[in-house]
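Examining the three-dimensional arrangement
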Amino acid sequence: SKATGSADIIANQAGKAPSLLNGGFENVNPLFFIGTLAFTAFVEQTGKGKGAEPGDLGFDPLGLYYGKTEDVKYSYRLKELNNGRLAMIA
């Protein structure tokens, strides 16, 4: 890329993004994958501490979740889970 001064991976793959099916992962710097894994592990470990649900990092900028009753929270979690499952099917 122009910003980093490295080779453009997509241009070398005839416009295709690197994937398992069309090859190209060998051109991606392994430090990228290591850094991504380390960052994700750090965020998950420092999220909300012990006792929090997996993936609950406390992101609620509009305050729609906190301060609600347990029944409403359960309903929100169930709706979000079903929405995610539907998105994966699509």
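Along each chain, numbering runs from 1 in the same order as the chain's sequence is written. For a predicted model such as this one, the threshold for reporting local features is a pLDDT of at least 70, and the threshold for listing and counting side-chain atom pairs is 80 or more; totals across whole chains, interfaces and linings nevertheless cover every residue. Heavy atoms throughout the structure, all of them, feed into the side-chain values; hydrogens and water do not.

**Points about the overall build of the protein chain**
Under the DSSP-based scheme used, a helix requires at least four consecutive residues in state H or I and a strand at least two consecutive residues in state E, with every element numbered from the N terminus. Helix and strand content of the protein chain: three helices and zero strands. Reading the protein chain from its N terminus to its C terminus gives the helix and strand order α-α-α. Within the protein chain, contacts between residues separated by at least 24 positions form 3% of all contacts whose residues are at least 6 apart in sequence. With residues, only the protein chains shown are counted as cover, and all accessible areas are computed by Shrake-Rupley using a 1.4 Å probe. For the protein chain, the accessible area works out to roughly 7,800 Å², and carbon and sulfur atoms hold 64% of it. The criterion used for residue contact is that any of the two residues' heavy atoms lie within 4.5 Å.

**Some words on the packing of aromatic side chains**
When two rings of Phe, Tyr or Trp (its six-membered ring) have centres within 6.5 Å they constitute a pair, described as stacked for plane angles under 30 degrees, edge-to-face for angles over 60, and tilted for the intermediate range. Counted by the stated rule, this structure contains two aromatic pairs. Consider the rings of Y65 and Y76, whose centres lie 6.5 Å apart with planes at 40 degrees: the pair is tilted. Of this pair, Y65 sits in the loop between α2 (30–45) and α3 (70–89) while Y76 sits in helix α3; the two residues are eleven residues apart in sequence, bridging distant segments of the chain. Since its relative accessible area comes to 18%, Y65 is described here as buried. Residue Y76 is classed as partly exposed on the basis of its relative accessible area, which comes to 35%. Summary of the burial criterion: residues with accessible area below 20% of their type's maximum are buried, those above 50% are exposed, and those between are partly exposed, where the area comes from a 1.4 Å probe applied to protein chains only.

**Concerning the environment of E44**
Looking at the secondary structure, you find E44 in helix α2. A relative accessible area of 44% places E44 in the partly exposed class.

**Details of the pattern of salt bridges**
Think of a salt bridge as a Lys or Arg side-chain nitrogen and an Asp or Glu carboxyl oxygen that are within 4 Å of each other. Counted under the stated rule, the structure contains one salt bridge. Across the pair K73 and E70 runs a salt bridge, and its minimum N-O distance is 3.9 Å. With K73 and E70 both in helix α3 and three residues apart, this pair spans about one turn of that helix. Of the residues examined, K73 reaches a relative accessible area of 14% and is grouped as buried. You can call E70 exposed: its relative accessible area is 53%.

**Points about α2**
Taking 1.5 Å per residue as the helical rise, α2 with its 16 residues ought to reach 22 Å, and the 23 Å between its terminal C-alpha atoms agrees with that figure. Across the 16 residues that make up α2, only a small minority, zero, are buried. N or O atoms closer than or at 3.5 Å make up a polar contact, with two conditions inside protein: a donor-capable atom paired with an acceptor-capable one, and, for residues adjacent in sequence, both atoms drawn from side chains. Sitting at the head of α2, N29 places a side-chain oxygen 3.1 Å from the backbone nitrogen of L31. Expected span, for any helix, means 1.5 Å times one less than how many residues it has.

**Observations regarding the confidence of the model for the protein chain**
For every residue, the predictor assigns a confidence score, pLDDT, that lies between 0 and 100. Residue-level pLDDT values for the protein chain average 79, and 74% of them are 70 or greater. Confidence scores differ between elements of the protein chain, with helix α1 (residues 9–12) showing the lowest mean pLDDT of 62 and α3 the highest of 91.

**Observations concerning the layout of surface pockets**
The computed volume of the largest pocket comes to approximately 670 Å³. Considering the residues around the largest pocket, the lining is formed by 19 residues, among which D56, Y65, Y76, R77 and E80 are closest to the centre. Across the lining of the largest pocket, the residue classes break down as ten nonpolar, two polar and seven charged. The pocket and cavity definitions rest on a 1 Å grid over protein atoms only: a 1.4 Å probe that fits but cannot leave marks a cavity, an open set with protein on both sides within 12 Å along at least five of seven lines marks a pocket, and residues lining either have an atom within 4 Å of a point. Grid points are joined across faces, edges and corners, and a volume is the space filled by probe spheres set on the points. Think of it as three bins: nonpolar holds Ala, Val, Leu, Ile, Met, Phe, Trp, Tyr, Cys and Pro, charged holds Asp, Glu, Lys and Arg, and polar takes everything else, Gly as well.

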